[in-house]
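Architecture and fold: a report
One-letter residues, chain by chain:
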Amino acid sequence: KQEVTQIPAALSVPEGENLVLNCSFTDSAIYNLQWFRQDPGKGLTSLLLIQSSQREQTSGRLNASLDKSSGRSTLYIAASQPGDSATYLCAVRGDSGGSNYKLTFGKGTLLTVNP
Amino acid sequence: SAVISQKPSRDICQRGTSLTIQCQVDSQVTMMFWYRQQPGQSLTLIATANQGSEATYESGFVIDKFPISRPNLTFSTLTVSNMSPEDSSIYLCSVSGTVVSGNTIYFGEGSWLTVV
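Thresholds, definitions, all that
- Residues numbered from 1 in each chain as written.
- Chains lettered and ligands numbered in written order.
- Predicted model: local features only at pLDDT ≥ 70, side-chain atom pairs only at ≥ 80, totals over all residues.
- Heavy atoms only, no water.
- Disulfide = S-S within 2.5 Å.
- Helix = DSSP H or I, 4+ residues; strand = E, 2+ residues; numbered from the N terminus.
- Buried < 20%, exposed > 50% of the residue type's maximum accessible area, 1.4 Å probe, protein only.
- Pairing = 2+ DSSP bridges.
- Axes fitted to C-alpha atoms, helices over the stretch in contact; angles between N-to-C directions.

A short note on the state of the cysteines
Residues and elements named next belong to chain A.
- Applying the stated criterion to the full structure yields two disulfides over all chains.
- A sulfur-sulfur separation of 2.0 Å characterises the disulfide bridge that pairs C23 with C90. Disulfide C23-C90: the torsion about the S-S bond is -60°, which places it as left-handed. Of this pair, C23 sits in strand 3 (residues 19-25) while C90 sits in strand 9 (residues 86-94), and the two are 67 residues apart along the sequence.
- Residue C90 is classed as buried on the basis of its relative accessible area, which comes to 0%.

Spelled out as C-alpha coordinates, the structure:
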(Lines give C-alpha, C1' and ligand atoms only; values in the text may rest on other atoms or scores of the structure.)
Protein backbone atom coordinates (compact mmCIF):
# COMPACT_ATOMS: atom_id res chain seq x y z
CA LYS A 1 0.00 0.00 0.00
CA GLN A 2 1.41 3.36 -1.06
CA GLU A 3 2.09 5.86 1.72
CA VAL A 4 3.04 9.48 1.16
CA THR A 5 4.75 11.59 3.80
CA GLN A 6 5.33 15.31 3.71
CA ILE A 7 7.87 17.13 5.82
CA PRO A 8 7.64 19.57 7.46
CA ALA A 9 3.99 19.63 8.48
CA ALA A 10 4.17 23.40 8.86
CA LEU A 11 6.66 26.05 7.82
CA SER A 12 6.80 29.77 8.51
CA VAL A 13 9.26 31.96 6.60
CA PRO A 14 9.84 35.68 5.99
CA GLU A 15 8.96 37.10 2.61
CA GLY A 16 11.66 36.73 -0.02
CA GLU A 17 13.14 33.53 1.34
CA ASN A 18 13.72 30.49 -0.87
CA LEU A 19 12.25 27.30 0.57
CA VAL A 20 11.97 23.57 -0.03
CA LEU A 21 9.05 21.28 0.72
CA ASN A 22 9.67 17.56 0.89
CA CYS A 23 7.57 14.57 -0.14
CA SER A 24 8.46 10.89 0.18
CA PHE A 25 6.60 7.80 -0.97
CA THR A 26 7.05 4.15 -0.08
CA ASP A 27 6.33 2.45 -3.43
CA SER A 28 8.57 3.66 -6.24
CA ALA A 29 6.34 2.12 -8.92
CA ILE A 30 4.56 5.34 -9.70
CA TYR A 31 3.13 6.71 -12.92
CA ASN A 32 3.50 10.35 -11.97
CA LEU A 33 3.64 12.77 -9.05
CA GLN A 34 1.62 15.94 -8.76
CA TRP A 35 1.96 18.95 -6.46
CA PHE A 36 -1.16 20.86 -5.47
CA ARG A 37 -1.91 24.01 -3.56
CA GLN A 38 -4.96 24.30 -1.30
CA ASP A 39 -6.18 27.56 0.18
CA PRO A 40 -8.31 27.39 3.36
CA GLY A 41 -11.77 25.98 2.70
CA LYS A 42 -11.07 25.66 -1.02
CA GLY A 43 -10.38 23.00 -3.58
CA LEU A 44 -7.01 22.02 -4.99
CA THR A 45 -5.05 23.88 -7.63
CA SER A 46 -2.62 21.80 -9.67
CA LEU A 47 0.89 23.31 -9.61
CA LEU A 48 3.18 20.82 -11.30
CA LEU A 49 3.00 17.29 -12.63
CA ILE A 50 6.11 15.16 -13.07
CA GLN A 51 5.92 11.96 -15.08
CA SER A 52 7.86 9.00 -13.70
CA SER A 53 10.40 9.32 -16.52
CA GLN A 54 11.13 12.98 -15.73
CA ARG A 55 13.51 14.46 -13.19
CA GLU A 56 12.00 17.91 -12.74
CA GLN A 57 9.40 20.41 -13.85
CA THR A 58 9.41 24.18 -13.57
CA SER A 59 6.67 26.79 -13.57
CA GLY A 60 7.60 30.36 -12.75
CA ARG A 61 9.08 30.48 -9.24
CA LEU A 62 8.26 26.81 -8.65
CA ASN A 63 10.53 23.87 -9.37
CA ALA A 64 9.64 20.29 -8.55
CA SER A 65 12.11 17.43 -8.68
CA LEU A 66 11.56 13.69 -8.63
CA ASP A 67 13.91 10.91 -7.61
CA LYS A 68 11.75 7.90 -8.26
CA SER A 69 14.28 5.29 -7.15
CA SER A 70 14.65 6.82 -3.70
CA GLY A 71 10.97 7.70 -3.42
CA ARG A 72 11.45 11.43 -3.01
CA SER A 73 10.23 14.67 -4.48
CA THR A 74 10.90 18.27 -3.54
CA LEU A 75 9.04 21.46 -4.32
CA TYR A 76 11.30 24.50 -4.43
CA ILE A 77 9.72 27.94 -4.12
CA ALA A 78 11.95 30.88 -4.98
CA ALA A 79 11.57 34.36 -3.55
CA SER A 80 8.49 33.49 -1.50
CA GLN A 81 5.60 35.94 -1.25
CA PRO A 82 2.72 36.28 1.23
CA GLY A 83 0.39 35.10 -1.53
CA ASP A 84 2.20 31.76 -1.48
CA SER A 85 0.72 31.04 1.95
CA ALA A 86 -1.35 27.87 1.61
CA THR A 87 -1.22 24.13 2.21
CA TYR A 88 0.90 22.28 -0.34
CA LEU A 89 -0.06 18.70 -1.09
CA CYS A 90 1.94 16.03 -2.82
CA ALA A 91 0.11 13.16 -4.54
CA VAL A 92 1.36 10.11 -6.41
CA ARG A 93 -0.46 8.07 -9.00
CA GLY A 94 0.15 4.35 -8.95
CA ASP A 95 1.52 2.48 -11.93
CA SER A 96 -0.68 -0.58 -12.21
CA GLY A 97 -0.05 -0.97 -15.90
CA GLY A 98 -3.70 -0.18 -16.59
CA SER A 99 -5.81 2.92 -16.25
CA ASN A 100 -5.35 3.35 -12.50
CA TYR A 101 -5.79 7.06 -11.90
CA LYS A 102 -5.98 6.78 -8.13
CA LEU A 103 -3.98 9.43 -6.30
CA THR A 104 -2.48 8.86 -2.87
CA PHE A 105 -2.04 12.12 -0.99
CA GLY A 106 0.29 13.25 1.73
CA LYS A 107 -1.09 15.26 4.64
CA GLY A 108 0.40 18.46 3.30
CA THR A 109 2.73 21.22 4.42
CA LEU A 110 1.10 24.38 5.74
CA LEU A 111 3.21 27.28 4.49
CA THR A 112 3.00 30.77 5.97
CA VAL A 113 4.99 33.57 4.35
CA ASN A 114 5.22 36.59 6.60
CA PRO A 115 5.41 40.10 5.11
CA SER B 1 -7.11 23.03 -17.94
CA ALA B 2 -10.57 21.71 -17.12
CA VAL B 3 -13.06 23.98 -15.36
CA ILE B 4 -15.01 22.10 -12.72
CA SER B 5 -18.11 23.49 -11.02
CA GLN B 6 -19.44 21.97 -7.83
CA LYS B 7 -22.76 22.68 -6.17
CA PRO B 8 -23.45 23.41 -3.39
CA SER B 9 -20.24 25.08 -2.27
CA ARG B 10 -21.37 24.96 1.34
CA ASP B 11 -24.31 23.59 3.28
CA ILE B 12 -25.39 22.92 6.82
CA CYS B 13 -27.37 19.70 7.03
CA GLN B 14 -29.49 18.05 9.65
CA ARG B 15 -28.52 14.68 11.03
CA GLY B 16 -30.28 11.84 9.22
CA THR B 17 -30.89 13.72 5.99
CA SER B 18 -29.24 13.20 2.60
CA LEU B 19 -27.57 15.71 0.29
CA THR B 20 -26.62 15.43 -3.36
CA ILE B 21 -23.52 17.22 -4.65
CA GLN B 22 -23.25 18.02 -8.33
CA CYS B 23 -20.08 18.18 -10.41
CA GLN B 24 -20.11 19.73 -13.88
CA VAL B 25 -17.07 19.86 -16.17
CA ASP B 26 -16.67 22.17 -19.14
CA SER B 27 -15.32 19.41 -21.39
CA GLN B 28 -15.69 15.68 -21.80
CA VAL B 29 -13.50 13.73 -19.41
CA THR B 30 -12.60 10.09 -19.20
CA MET B 31 -12.34 9.75 -15.44
CA MET B 32 -14.26 11.44 -12.64
CA PHE B 33 -13.48 10.90 -8.97
CA TRP B 34 -14.97 11.84 -5.62
CA TYR B 35 -12.72 12.57 -2.65
CA ARG B 36 -13.43 13.39 0.98
CA GLN B 37 -11.30 15.64 3.14
CA GLN B 38 -12.17 15.51 6.81
CA PRO B 39 -11.12 18.42 9.04
CA GLY B 40 -7.36 18.59 9.40
CA GLN B 41 -6.82 15.55 7.21
CA SER B 42 -5.66 14.93 3.67
CA LEU B 43 -7.80 13.68 0.84
CA THR B 44 -9.23 10.19 0.68
CA LEU B 45 -10.68 8.71 -2.49
CA ILE B 46 -14.31 7.65 -2.09
CA ALA B 47 -14.98 6.23 -5.55
CA THR B 48 -14.34 6.45 -9.26
CA ALA B 49 -17.43 7.46 -11.22
CA ASN B 50 -17.65 5.41 -14.41
CA GLN B 51 -19.80 6.62 -17.28
CA GLY B 52 -22.51 4.13 -18.09
CA SER B 53 -21.72 1.70 -15.29
CA GLU B 54 -21.61 1.41 -11.51
CA ALA B 55 -19.07 3.45 -9.59
CA THR B 56 -15.99 1.72 -8.20
CA TYR B 57 -15.72 2.25 -4.42
CA GLU B 58 -12.61 2.28 -2.28
CA SER B 59 -12.26 0.24 0.86
CA GLY B 60 -14.37 1.70 3.64
CA PHE B 61 -16.92 3.33 1.35
CA VAL B 62 -20.18 1.73 0.21
CA ILE B 63 -22.79 2.52 -2.40
CA ASP B 64 -25.66 2.69 0.09
CA LYS B 65 -23.94 5.52 1.95
CA PHE B 66 -22.44 7.32 -1.05
CA PRO B 67 -24.50 6.61 -4.18
CA ILE B 68 -22.93 8.09 -7.31
CA SER B 69 -24.32 8.81 -10.74
CA ARG B 70 -22.43 9.51 -13.98
CA PRO B 71 -25.00 9.98 -16.73
CA ASN B 72 -22.57 11.44 -19.29
CA LEU B 73 -18.96 12.49 -19.85
CA THR B 74 -19.31 15.93 -18.24
CA PHE B 75 -21.47 15.41 -15.15
CA SER B 76 -21.58 13.39 -11.94
CA THR B 77 -23.37 13.48 -8.61
CA LEU B 78 -22.43 12.20 -5.17
CA THR B 79 -25.09 11.72 -2.53
CA VAL B 80 -24.18 11.58 1.14
CA SER B 81 -26.97 9.55 2.73
CA ASN B 82 -28.31 9.46 6.28
CA MET B 83 -25.73 12.00 7.40
CA SER B 84 -24.11 12.09 10.81
CA PRO B 85 -21.68 14.65 12.26
CA GLU B 86 -18.82 12.36 11.20
CA ASP B 87 -19.73 13.14 7.58
CA SER B 88 -18.81 16.80 8.06
CA SER B 89 -16.10 17.22 5.44
CA ILE B 90 -15.13 18.86 2.22
CA TYR B 91 -16.21 16.69 -0.71
CA LEU B 92 -14.20 17.21 -3.87
CA CYS B 93 -14.83 16.19 -7.44
CA SER B 94 -11.80 15.62 -9.64
CA VAL B 95 -11.31 14.74 -13.29
CA SER B 96 -8.66 13.43 -15.59
CA GLY B 97 -8.30 12.46 -19.20
CA THR B 98 -9.29 15.50 -21.18
CA VAL B 99 -7.88 16.21 -24.62
CA VAL B 100 -5.95 19.16 -23.22
CA SER B 101 -4.94 17.97 -19.77
CA GLY B 102 -3.98 14.39 -20.53
CA ASN B 103 -2.76 12.85 -17.31
CA THR B 104 -3.09 15.90 -15.08
CA ILE B 105 -5.82 15.58 -12.46
CA TYR B 106 -7.91 18.65 -11.72
CA PHE B 107 -10.14 19.40 -8.77
CA GLY B 108 -13.28 21.39 -8.23
CA GLU B 109 -13.61 23.99 -5.48
CA GLY B 110 -15.20 21.46 -3.16
CA SER B 111 -18.46 21.24 -1.25
CA TRP B 112 -18.11 21.96 2.45
CA LEU B 113 -20.74 20.08 4.42
CA THR B 114 -21.42 20.57 8.10
CA VAL B 115 -23.80 18.10 9.75
CA VAL B 116 -25.53 19.25 12.93
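Things to note about the sheet that holds strand 7 (residues 68-72) of chain B
All names here are of chain B.
- The strand order across the open sheet formed by four strands is 1-3-8-7, and the pairing between neighbours is antiparallel. This sheet does not close on itself; its edge strands, each paired only once, are strand 1 (4-7) and strand 7. If you compare each strand with its neighbour and ignore which way they point, the axes differ by 15° on average.
- Direction of pairing for strand 3 (residues 19-25) relative to strand 8 (residues 75-80): antiparallel, over a ladder of six bridges. Residue I21 lies in a different strand from strand 8, and its bridge partner there is L78.

A look at the sheet that holds strand 7 (residues 62-67) of chain A
Residues and elements named next belong to chain A.
- Reading across the sheet, the five strands line up as 1-3-8-7-6 and stay open at both edges, with antiparallel pairing between neighbours. One side of each edge strand has no neighbouring strand; the edge strands of this open sheet are strand 1 (4-7) and strand 6 (56-59). Taken over all neighbouring pairs, the strand axes of this sheet differ in orientation by 15° on average, direction set aside.
- With six bridges joining them, strand 7 and strand 8 (residues 72-77) adopt antiparallel strand pairing. Looking at the pairing, L62 lines up with I77 of strand 8.

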